[in-house]
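The residues making up each chain are set out below.
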Amino acid sequence: QVQLVESGGGLVQAGGSLRLSCVASGITFSSYRLGWYRQVPGKQREWVASIGSSAAAYSDSAKGRFTISRDNAKNTVYLQMNNLKPEDTAVYYCKATPIYGNLDDWGQGIQVTVSS
């Protein structure tokens, strides 16, 4: 059974930083592509960043401020978020997808709130 558990969210002032973590269990972590998404009430969930075996990709809103990384030894993917803005306020979700498959697994989400 796949389980993804996010942590590290919370309340931060604009310009501050947070690091989100997502610990995975029940999968061969190194064989998965990992991603971070976010969602605000009334809007669709949007992609933030993703990472395969090494290469990372970012949305335009995340580029230059956020960094995604992974530690296969710890089955953990991180999202370092710097220079946070109020518009980054959302519930952030971790997603795991097999590199050679298309079945997604999601975490339960974690709230990030950026005050102005």
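Residues numbered from 1 in each chain as written. Predicted model: local features only at pLDDT ≥ 70, side-chain atom pairs only at ≥ 80, totals over all residues. Heavy atoms only, no water.

For the rest of this paragraph, the subject is the packing of aromatic side chains. By the definition in use, this model includes 2 aromatic pairs. Centre to centre, the rings of Tyr 37 and Trp 106 are 5.0 Å apart; their planes meet at 70 degrees, and the pair counts as edge-to-face. Of this pair, Tyr 37 sits in strand 4 (residues 32-39) while Trp 106 sits in strand 10 (residues 105-106), and the two are 69 residues apart along the sequence. Residue Tyr 37 is classed as buried on the basis of its relative accessible area of 16%. Judged by its relative accessible area of 35%, Trp 106 falls in the partly exposed class. Through pairs of rings, three or more aromatic residues link up here, namely Tyr 37, Tyr 93 and Trp 106. Geometry around Tyr 93 places Arg 45 over its ring, the cationic atom sitting 3.6 Å from the centre. Stacked on the ring of Trp 106, the Lys or Arg Arg 45 has its end atom at 4.6 Å from the ring centre. (Phe/Tyr/Trp six-rings, centres within 6.5 Å; stacked < 30°, edge-to-face > 60°. Helix = DSSP H or I, 4+ residues; strand = E, 2+ residues; numbered from the N terminus. Buried < 20%, exposed > 50% of the residue type's maximum accessible area, 1.4 Å probe, protein only. Lys NZ or Arg CZ within 6 Å of the ring centre and 35° of its normal.)

Purely geometric numbers; function is a separate question.
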